[in-house]
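# Structural features, examined
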Amino acid sequence: MKFDEAFFDQIIDRRNTDCEKWDDRSVMDADGVPLWVADMDFACAPAIVEAIQQRADHPCFGYTIENPADNEALIGFWKRRHGLEIQPGEIQMLPCVITGLKTCVRAFTQPGDSVAIVTPVYGPFYGSIQSNGRVVRAVSLLRDEETGRYELDFGAMQKALREGAKLMMLCSPHNPVSRLWTKEELTRLCELAEEYGVPIVCDEIHADFVYPPQRFVSILSIPEGRNRAVMLCSASKTFNVAGLQQAALVCMNPDMLEKLRRELNAAGVACGNTFALLAARAAYTACDDWLDGLIAYLDGSRKLLSDWVAEYVPKAKMSPVEATYLAWLDLKAYGLSCAELAKKFRKAKVALTGGTFFGEEGEGFMRVNFACPRSQLKEGIKRLGAALEEG
Ligand SMILES: Cc1ncc(COP(=O)(O)O)c(C=O)c1O
């Protein structure tokens, strides 16, 4: 099968499949265009579907045992795609990446401690800290108002660590501002973590959504990061199988890994979902051609999106999309809050993620998920523009 434009242009009706993106009526009506929650409106790779179907043909679904093939598949993928060497003993399977974020907070900090995060950032970063009785120490990104591009504020990060933050939590590449952190930037963050003796948790779930010629750099490929970072990853985002719930953490520091395992054990978190493990194994071993086709398609879409935003939403400013399939739109010129924008968009039958989901810096911004057939994306942007331009 060819994974070309025609494949990704196909419209798949996902309604009435308990699909959060399409069926959550608190967000959008049945005839809305969803450009919000971060999953993709594309068919996943046939090798994944076949692996699940083949297993489903066997009528017994009892407990599973760990199979070394699961770790080997993940290791092979990261070596092939990102040049990262991982050993089997450095991997711990998880039900999802958010479990990983929360486990790191619990393993490396005490109630009342503060955790430094780079904001605006994916909402559950806040939740993983606050739901465990820890305190968010927000380190705001610096925004270039001319280009919409964001930079890390190393001085502010240093201040947060000097003032006692006990853990640094990163999103790499960064959701929602679509920055691909460079080796130099990651190295400086690792050096700061080393200076203040704090661990780093780095959520690399968007690692595969990087557009050539750029290359993704894992925190674990930075010498200063190898001994103090926990990397979180998953096939769920890359291969569009988030509903199956399967992720992993990779930690090269045995003492840190032991702490994480104790915490998971205490919470009774066991990872043995038969279908999820088989799907991840198939994804990591047999779907590179699907993934290459996907990235080529998304690369084309991000350029088209920028043109369509200029045409239909002329006062919006879109941050450069260096990675992820998420675009960060500054709509402040329209003079509306996120709550007001959401109301307008609901009426116009298009759904986006409000900027304040990512923190207070997101007021007046909206995030667009462009991982859908281009006809759907264009229609969504037209509706967005019509809603804003009508006043
Ligand atoms: C940065 C980031 N981390 C984690 C997640 C969620 O991952 P999971 O479903 O494995 O918990 C998302 C989903 O959008 C995300 O964007």
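Predicted, not measured: the structure shown is a model, and the values here were computed from it.

## Focus on the environment of Phe-345
Note on placement: Phe-345 falls in helix α14 (residues 338-348). Contacts of Phe-345, omitting those with residues within four sequence positions, involve Leu-331, Val-350, Leu-352, Met-366, Leu-384, Ala-387 and Leu-388.

## Side note on the environment of Ile-205
Structurally, Ile-205 can be placed in the loop between β8 (200-203) and α9 (223-226). Relative accessible area serves as the criterion here: at 11%, Ile-205 is assigned to the buried category. On a C-alpha basis, the gap between Ile-205 and Ala-235 in space is 8.0 Å, while along the polypeptide they are 30 residues apart. Residues contacting Ile-205, with those up to four places away along its chain left out, are Val-97, Leu-232, Ser-234, Ser-236, Lys-237 and Thr-238.

## Topic: the domain arrangement of the protein
Domain annotation of the protein identifies domain 1 (5-45 + 288-389) and domain 2 (60-286). With 36 residues of domain 1 in contact, the opposing surface of domain 2 contributes 39 residues. When residues of domain 1 are sorted by the area they lose upon contact with domain 2, Asp-288, Glu-322 and Thr-324 head the list and together hold 22% of the total. Along the contact surface separating domain 1 from domain 2 lie six salt bridges. At the boundary of domain 1 with domain 2, the tally comes to 24 residue pairs in polar contact (both at pLDDT 80 or more). Mapped onto the side of domain 1 that touches domain 2, the elements with two or more residues apiece are α13 (288-312), β11 (317-318), β12 (326-330) and β15 (365-369). The biggest single contributor to the side of domain 1 that touches domain 2 is α13, with 10 residues. In terms of residue class, the side of domain 1 that touches domain 2 is made up of 21 nonpolar, three polar and 12 charged.

## Some points on the sheet that holds strand β14 (residues 353-354)
If you walk across this open sheet you meet the four strands as β11-β12-β15-β14, and the pairing is antiparallel. Each end of this open sheet is capped by a strand with a single partner; those strands are β11 and β14. As paired strands, β14 and β15 are joined by two bridges and run antiparallel to one another. When the sheet's bridge partners are listed, Gly-354 is paired in β15 with Met-366. This element, α14, spans β14 and β15 of the sheet and lies at about 45° to β15.

## Things to note about the nonpolar core
In this structure, Phe-239 and Ile-381 are the most contacted members of the largest nonpolar core, which totals 107 residues. It is α13 that contributes the most residues to this core, 10 residues altogether. Viewed by domain, this core spans two of them, domain 1 (5-45 + 288-389) and domain 2 (60-286), each represented by three or more residues. Each residue touching Phe-239, except ones within four places of it in the same chain, is listed here: Cys-44, Ile-48, Phe-77, Ala-283, Tyr-284, Cys-287, Trp-290 and Leu-291. Listed in part, the 27 residues of the second largest apolar core include Leu-101, Val-115, Ile-117 and Val-230.

## Topic: the pattern of salt bridges
If you walk through the whole model with that rule in mind, you get 30 salt bridges. Where Asp-330 meets Arg-143, a salt bridge forms, and the shortest distance between an N and an O atom there is 3.0 Å. Taken as a pair, Asp-330 in strand β12 and Arg-143 in strand β5 (residues 142-143) lie far apart in primary sequence, 187 residues in all. Linking Arg-149 and Glu-151 is a salt bridge whose minimum nitrogen-to-oxygen distance equals 3.0 Å. Judged by its relative accessible area of 28%, Arg-149 falls in the partly exposed class. The exposure class of Glu-151 is partly exposed, given its relative accessible area of 35%.

## Notes on the sheet that holds strand β7 (residues 167-171)
The mixed open sheet is built from seven strands, whose spatial order is β2-β10-β9-β8-β7-β3-β4. What marks the edges here is a single partner per strand, and that holds for β2 (91-94) and β4 (135-140). Strand-to-strand twist of the sheet, defined as the mean angle between neighbouring strand axes without regard to direction, takes the value 20°. Strands in contact with helix α4 (residues 68-82) are β2, β9 (229-233) and β10 (247-251); relative to β2, the strand with the most contacts, it is inclined by about 110°. In this fold helix α8 (residues 183-196) packs onto β7 and β8, with an angle of close to 165° to the strand it touches most, β7.

Conventions we followed
- Residues numbered from 1 in each chain as written.
- Predicted model: local features only at pLDDT ≥ 70, side-chain atom pairs only at ≥ 80, totals over all residues.
- Heavy atoms only, no water.
- Helix = DSSP H or I, 4+ residues; strand = E, 2+ residues; numbered from the N terminus.
- Contact = heavy atoms within 4.5 Å.
- Buried < 20%, exposed > 50% of the residue type's maximum accessible area, 1.4 Å probe, protein only.
- Domains from an automatic or database assignment.
- Buried area = accessible area lost by both parts, 1.4 Å probe.
- Salt bridge = Lys/Arg side-chain N within 4 Å of Asp/Glu carboxyl O.
- Polar contact = N/O pair within 3.5 Å; in protein donor to acceptor, adjacent residues only side chain to side chain.
- Nonpolar A, V, L, I, M, F, W, Y, C, P; charged D, E, K, R; others polar.
- Pairing = 2+ DSSP bridges.
- Axes fitted to C-alpha atoms, helices over the stretch in contact; angles between N-to-C directions.
- Core = buried A, V, L, I, M, F, W, Y, C linked by side-chain atoms within 4.5 Å.

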